[in-house]
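For reference, the chains in residue letters:
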Amino acid sequence: MVMAKARAVDGPHQSFRKADIQRRELDKHDVLLEIHYAGICHSDIHTAHGDWGEAHYPLVPGHEIAGIVKEVGSDVTKFQPGDRAGVGCMVESCGSCENCEAGEEQYCLKGNTPTYDGVDKYGEPTQGGYSTHIVVTEDFVLHIPENLPLDAAAPLLCAGITTFSPLNRWQAGPGKKVAVVGLGGLGHMAVKIAHAMGADVTVLSQTLNKKDDGLRFGASAYYATKDEDTFDTLAGQFDLIINTVSAKININDYLSLLRLDGTLVNVGAPAEPLDVHVFSLIPQRRSFAGSLIGGIRETQDMLDFCAKHEIMPEIEVISADDIDDAYERVQKSDVKYRFVIDTSTL
Ligand code: NAP
Ligand code: ZN
Ligand code: ZN
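The protein is annotated in an unreviewed UniProt entry as NAD(P)-dependent alcohol dehydrogenase of Bacillus daqingensis. The protein has a UniProt comment under Cofactor (unreviewed entry) that states "Zn(2+)".

Structure representation (structure tokens):
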């Protein structure tokens, strides 16, 4: 049993406090990871605040985890102590349903086990990456390539894969026009990845405040959605739109920007329903889709892709005492572009 230092919340809208949590003894397929960095995803905030339904408290969030393997179980073959490794949004799945067999563990028909706010196969609550150590079965641990620094690699484990997966599936690439809605943690990764895939990328942000950054990340155009002319100017232009916005928006305005057979993929996860009008879809045979993170194999492909193209998130490394402030700032869209907790400060 390893005791890990952590930060936990005891209820919605409460402040983080110091906590000591137990990590299980290593099973023969388990890896003990010493966490060095943990990203702050907007999903951590939705969960901690109970936006999606009541969470299990005390809650230690964090599913963008990067660190060094400390110890491995007797039958572990993919990792050894000293390896650079990461853990994302899930830590287990059934392994035998058709989706798991297809490498789409996030869509496990029995439900994947989330890294925090879940219950593991031993019946114990899962606790996430705002902590110094975690024990995870090797099949859900990823290799972090050498040229990705651990602090910048952490956000790839959620923001990276959540945007890579739909861009990959809907074939963002040369000749495709892709729009990214919202330039936050996920959005800025979507811009960088879509650009590296060869697509022509447009950012749709609330204002033009971050325009220079968006163009630097690889976008060729940048529009403010507060400016109503934007929706006339860009009508019917895009093959693919990735919506990363964490709040309810008028999705019909954005669907009108798709060309024939275009798809809008929603990865943003506000609690409120979005009101889709069928006449936003019917006339140009448009599709409205959703996408959840990505499978383990695809997550490794994403890490290798980012290493090859030297794609990294823009991060602000913070101390554990600053988590509450970081939550406030993310909710005000005041983040450039991902907060990452240095777990040595826990
Ligand atoms: P984030 O860093 O807060 O980025 C969200 C961006 O949305 C903001 O930077 C802002 O961009 C825009 N935005 C926020 N409020 C808005 C509003 N009221 N109207 C219009 N635009 C608004 O959050 P994130 O970590 O990237 O996460 C984004 C969403 O994806 C969250 O809901 C999260 O839970 C969800 N998520 C889903 C998955 C999945 O598997 N599907 C995985 C991870 C996260 P601008 O300032 O540029 O306007
Ligand atoms: Zn996340
Ligand atoms: Zn399964």
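Trainee: Looking at this model, I keep getting lost on the coordination of the zinc ion (ligand 2). Mind explaining?
Mentor: The reference angle at a metal is 109.5 degrees if four donors form a tetrahedron and 90 or 180 degrees if six donors form an octahedron. Within the protein, the zinc ion (ligand 2) binds to Cys41 (SG), His63 (NE2) and Cys158 (SG); these donor distances fall in the range 2.0 to 2.2 Å. Linear spacing of the donor residues for the zinc ion (ligand 2) on their chain is C-x21-H-x94-C. On the criterion of sequence distance, the pair formed by His63 in the loop between helix 1 (42-48) and strand 4 (65-72) and Cys158 in the loop between helix 3 (150-153) and helix 4 (159-169) is long-range, its members being 95 residues apart. Taking relative accessible area as the criterion, His63 reaches 8% and is therefore assigned buried.

Trainee: What should I look at first to understand the state of the cysteines in this one?
Mentor: Applying the stated criterion across every chain, the model contains zero disulfides. Cysteine Cys306 remains unbridged, with the sulfur of Cys158 as its closest cysteine sulfur at 13 Å.

Trainee: Looking at this model, I keep getting lost on empty space enclosed by the protein. Mind explaining?
Mentor: If a probe the size of a water molecule is rolled over the atoms, the empty space left behind becomes visible. Inspection of the entire model under this criterion finds one cavity of 30 Å³ or more. Volume-wise, the largest cavity comes out at about 70 Å³. Looking at the largest cavity, the residues that line it are Gly88, Cys89, Met90, Phe140, Leu142, Leu157, Ile161, Ile293, Gly294, Ile296 and Thr299. Residue composition of the lining of the largest cavity, grouped by class: eight nonpolar, three polar and no charged.

Trainee: Would you mind showing me how to read the coordination of the zinc ion (ligand 3) here?
Mentor: Cys94 (SG), Cys97 (SG), Cys100 (SG) and Cys108 (SG) make up the full set of protein donors to the zinc ion (ligand 3), lying at 2.3 to 2.4 Å. Classification of the site at the zinc ion (ligand 3) rests on its four donor atoms, whose angles at the metal span 103 to 119°, yielding the label tetrahedral. If you list the donors of the zinc ion (ligand 3) from N- to C-terminus, the spacing comes out as C-x2-C-x2-C-x7-C. On the criterion of sequence distance, the pair formed by Cys94 in the loop between strand 6 (90-92) and helix 2 (98-101) and Cys108 in the loop between helix 2 and strand 7 (113-114) is long-range, its members being 14 residues apart. Taking the relative accessible area as the measure of exposure, Cys108 reaches 7% and is therefore buried.

Cut-offs and rules
- Residues numbered from 1 in each chain as written.
- Chains lettered and ligands numbered in written order.
- Predicted model: local features only at pLDDT ≥ 70, side-chain atom pairs only at ≥ 80, totals over all residues.
- Heavy atoms only, no water.
- UniProt positions renumbered as here; feature names shortened; annotations may be inferred.
- Donors = N, O, S within 2.8 Å, 3.2 Å for Na, K, Ca; no water.
- Helix = DSSP H or I, 4+ residues; strand = E, 2+ residues; numbered from the N terminus.
- Buried < 20%, exposed > 50% of the residue type's maximum accessible area, 1.4 Å probe, protein only.
- Disulfide = S-S within 2.5 Å.
- 1 Å grid on protein atoms, 1.4 Å probe; cavity = no way out; pocket = protein on both sides within 12 Å on 5 of 7 lines; lining within 4 Å.
- Points joined across faces, edges and corners; volume = space filled by probe spheres on them.
- Nonpolar A, V, L, I, M, F, W, Y, C, P; charged D, E, K, R; others polar.
- Tetrahedral: all angles 85-135°; square planar, octahedral: opposite > 155°, others 65-115°.

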